[in-house]
Amino acid sequence: MKVLIVESDLEWRNSLSAHVGELGYEISVCSALGQARDILRSRQPDILLSDVGLPDGSLMPELASLRQHFPSMGIIVLTAASRSEERVRCMSDGADYTLAKPVKLDEVSATLTALARRMKTAPHQSSPQSETWAFHRRSGRLSSNGAVALQFTDKESTALAALLQSPNYPVSHGQLFDLLRSGGEEYDAHRIDALIYRVRQKLRSLPESPMQIRNIYGEGFLMLRRSSSVDIVLES
């Protein structure tokens, strides 16, 4: 299995890479978020092992997008021991495991072994055929193969369309506020949260919803597809 290690501290990075390499994994390393993005664009590792705090930014805002674009990749995040809320958020946004720093090498070994075992024993799936859904903004209809699955109100459709138009980046409360305040209606954060809740509940009512809405702490809302084989078309 191939493991990408992202760690800015040279000494710890060397210790990690040497230890993980001795376990039989094929190792690649880098020290910054931008470098990790470049590597992921060119070749996907089986497992990403990364510190959450990097010199050019935090990994946390990237986790939901990483999980969306690399659904089969294992993700292990190293984070500060004193911030339990950070570890919970990492798990919620897509990490398979979080390890509190300072981390012992045998803990890294055990976590890699558990994750690799789980990935190897997961049911093999042949390449699925593309599944196409269409959301018609004007009518508020979400359909598959021409059959209407859900009906959304005009305001719900505005929010859903905004999320679909931003597949890689969260849509903030402020952006939704600007889109929804037409017509003299007053919107605040609580009303927007309630609107997103209604959209989320409608999507969850489907036996196999093509997408789900994730709350990204401090950033807003992000739309995730159920799998990479789902294609969602936004129609005007």
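Residues numbered from 1 in each chain as written. Predicted model: local features only at pLDDT ≥ 70, side-chain atom pairs only at ≥ 80, totals over all residues. Heavy atoms only, no water.

- The protein has the name DNA-binding response OmpR family regulator in an unreviewed UniProt entry, where Herbaspirillum frisingense is given as its organism.

1. A look at the overall build of the protein
Now for step 1: Within the protein, the regular secondary structure consists of eight helices and 13 strands.
Now for step 2: Projecting the C-alpha coordinates of the protein onto the three principal axes gives extents of approximately 60 × 40 × 25 Å.
Now for step 3: Looking at the 236 residues of the protein, the share that counts as buried comes to 43%.
Now for step 4: Long-range pairs, those at least 24 residues apart, make up 59% of the contacts in the protein between residues at least 6 apart in sequence. (Helix = DSSP H or I, 4+ residues; strand = E, 2+ residues; numbered from the N terminus. Buried < 20%, exposed > 50% of the residue type's maximum accessible area, 1.4 Å probe, protein only. Contact = heavy atoms within 4.5 Å.)

2. A few points about the nonpolar core
Now for step 1: L142, L176 and L203 are the most contacted members of the largest nonpolar core, which totals 27 residues.
Now for step 2: Secondary-structure elements contributing two or more residues to this core are β8 (131–136), α6 (154–164), α7 (173–180), α8 (189–204), β11 (211–216), β12 (220–225) and β13 (230–235).
Now for step 3: At six residues, the largest contribution of residues to this core is made by α6.
Now for step 4: C30, L54, M60 and L66 belong to the second-largest nonpolar core, a separate cluster that totals 20 residues. (Core = buried A, V, L, I, M, F, W, Y, C linked by side-chain atoms within 4.5 Å.)

3. Some remarks on the packing of aromatic side chains
Now for step 1: Taken as a whole and judged by the stated rule, the model has one aromatic pair.
Now for step 2: With 5.9 Å between their ring centres and 85° between their planes, F135 and F152 make a pair best called edge-to-face. On the criterion of sequence distance, the pair formed by F135 in strand β8 and F152 in the loop between β10 (147–151) and α6 is long-range, its members being 17 residues apart.
Now for step 3: Overall, the relative accessible area of 0% leaves F135 in the buried class. (Phe/Tyr/Trp six-rings, centres within 6.5 Å; stacked < 30°, edge-to-face > 60°.)

4. Description of the UniProt feature "modified residue: 4-aspartylphosphate" (unreviewed entry) in the protein
Now for step 1: Here, the residues flagged by UniProt with the feature "modified residue: 4-aspartylphosphate" (unreviewed entry) are D51.
Now for step 2: One can find D51 in strand β3 (residues 47–51).
Now for step 3: The contact partners of D51, leaving out residues within four places of it in the chain, are V6, E7, L59, L78 and K101. (UniProt positions renumbered as here; feature names shortened; annotations may be inferred.)

5. Considerations on the side chain of S109
Now for step 1: By secondary structure assignment, the location of S109 is in helix α5 (residues 105–121).
Now for step 2: With residues up to four places along the chain from it excluded, the contact list for S109 reads H19 and L23.

6. Thoughts on the pairing of strand β6 (residues 74–80)
Now for step 1: When you tally the buried positions in β6, you get six out of seven residues, the bulk of the element.
Now for step 2: With five bridges connecting them, β3 and β6 associate as parallel partners. Each bridged residue has a counterpart across the sheet, and for D51 the counterpart in β6 is L78.
Now for step 3: Examined bridge by bridge, β6 and strand β7 (residues 97–101) share five bridges and lie parallel to one another. Opposite L78, over in β7, you have L99 as the bridge partner. (Pairing = 2+ DSSP bridges.)

7. Quick notes on the packing of α6 against α8
Now for step 1: Between α6 and α8, whose axes approach to 10 Å, the crossing angle comes to 80°. With respect to α8, the axis of α6 lies roughly perpendicular. Contact residues: α6 offers K155, E156, A159, L160 and L163, while α8 offers L195, I196, R198, V199 and K202.
Now for step 2: Here the contact of α6 with α8 is composed, by residue class, of six nonpolar, no polar and four charged. (Axes fitted to C-alpha atoms, helices over the stretch in contact; angles between N-to-C directions. Parallel < 35°, antiparallel > 145°, perpendicular 65-115°, else oblique. Nonpolar A, V, L, I, M, F, W, Y, C, P; charged D, E, K, R; others polar.)

8. A word on the sheet that holds β7
Each strand in a sheet pairs with another by means of backbone hydrogen bonds, the pair being arranged parallel or else antiparallel.
Now for step 1: Taken in spatial order, the five strands make up an open sheet running β2-β1-β3-β6-β7, and their pairing is parallel. Edge positions in the sheet fall to β2 (26–30) and β7, since each has one partner strand and no second. Strand-to-strand twist of the sheet, defined as the mean angle between neighbouring strand axes without regard to direction, takes the value 20°.
Now for step 2: For strand β1 (residues 2–6) and β3, the ladder comprises four bridges, and the chain directions are parallel. Of the residues in β3, the one forming a bridge with V3 is I47.

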